[in-house]
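# Geometric and topological summary
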Amino acid sequence: MILEKGVMRDGIGTHMTASFETGFVAAVASNPIDVIKTRVMNIKVVLGVEPPYTGALDCALKTVKAKGPMALYKGFIPTISRQGPFTVVLFVTLEQVRKLLKDF
């Protein structure tokens, strides 16, 4: 899309930009699921006491109701700090290897 609209030319800068955008979208999509998973996994089970959540959906609904939708993005900065550079290195390396192998 960046190349089609003529915003950038094909090169490492374009690959880095597109890769970071991909990492950002992945972090936005996965962070709520990770927060819910962590909350469910951290439930302390005590005999005779009802757990705070009955499942993942119940956890998500109660979290949003109690703390608002932004509570699902707790820890977003560490997530993007990890996924951003990872996707940049992954996809820039992939594009460079594809460019090398294209000539063979």
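In this text, all values refer to a predicted model and were calculated from it rather than measured experimentally.

### Some words on the packing of helix α1 (residues 12-41) against helix α2 (residues 56-67)
Their axes nearest at 9 Å, the elements α1 and α2 cross at an angle of 105 degrees. The angle between α1 and α2 falls in the class roughly perpendicular. Across the interface between the two elements, I36, R39 and V40 from α1 touch A56, C59, A60, T63 and K67 from α2. Residues that form the contact of α1 with α2 fall into these classes: five nonpolar, one polar and two charged.

### Observations regarding the nonpolar core
Counting residues in each nonpolar core, the largest one holds six residues, listed as I36, I43, Y53, C59, A60 and L72. Leaving out residues up to four positions away in the same chain, I43 has contacts with P51, P52 and Y53.

### Re the pattern of salt bridges
The tally for this structure, following the rule as stated, stands at three salt bridges. In this structure, D34 and K37 form a salt bridge, with 3.7 Å as the shortest nitrogen-oxygen distance. One end of the pair, D34, and the other, K37, are both in helix α1, three residues apart, so they sit about a helical turn from each other. Its relative accessible area of 35% is what places D34 among the partly exposed residues. Owing to a relative accessible area of 44%, K37 belongs among the partly exposed residues under this scheme. For R98, the salt bridge is made with E95, and the minimal N-O distance between the two is 3.3 Å. Residue R98 and its partner E95 are located together in helix α3 (residues 76-102), separated by three residues, close to a single helical turn. For R98, a relative accessible area of 52% puts it in the exposed group. Given a relative accessible area of 25%, E95 falls into the partly exposed group.

### A look at the confidence of the model for the chain
Averaged over the chain, the pLDDT score is 91; the fraction of residues at 70 or greater is 98%. Ranking the helices and strands of the chain by mean pLDDT puts α2 first, with 96, and α3 last, with 92.

### Points about a nonpolar patch on the surface
A grouping of F20, F24, V25 and V28 is seen on the molecular surface, where their side chains present a nonpolar patch of about 340 Å² in accessible area. Locating F24 in the fold gives a position in helix α1.

### Remarks on α1
Taking 1.5 Å per residue as the helical rise, α1 with its 30 residues ought to reach 44 Å, and the 40 Å between its terminal C-alpha atoms agrees with that figure. Of all the bends in α1, the greatest, near 35 degrees, is centred on S30, and the proline P32 appears no more than four residues after it. The set of residues buried in α1 consists of T14, H15, S19, G23, A27, N31, P32, V35 and I36.

Calculation notes
- Residues numbered from 1 in each chain as written.
- Predicted model: local features only at pLDDT ≥ 70, side-chain atom pairs only at ≥ 80, totals over all residues.
- Heavy atoms only, no water.
- Axes fitted to C-alpha atoms, helices over the stretch in contact; angles between N-to-C directions.
- Helix = DSSP H or I, 4+ residues; strand = E, 2+ residues; numbered from the N terminus.
- Parallel < 35°, antiparallel > 145°, perpendicular 65-115°, else oblique.
- Contact = heavy atoms within 4.5 Å.
- Nonpolar A, V, L, I, M, F, W, Y, C, P; charged D, E, K, R; others polar.
- Core = buried A, V, L, I, M, F, W, Y, C linked by side-chain atoms within 4.5 Å.
- Buried < 20%, exposed > 50% of the residue type's maximum accessible area, 1.4 Å probe, protein only.
- Salt bridge = Lys/Arg side-chain N within 4 Å of Asp/Glu carboxyl O.
- pLDDT = per-residue confidence, 0-100.
- Patch = residues over 30% accessible without salt bridge, like charges linked within 9 Å, V, L, I, M, F, W, Y side chains within 5 Å.
- Areas by Shrake-Rupley, 256 points an atom, 1.4 Å probe, with all protein chains shown as cover.
- Expected span 1.5 Å × (residues − 1).
- Bend = angle between axes of the 7 residues up to and from the residue.

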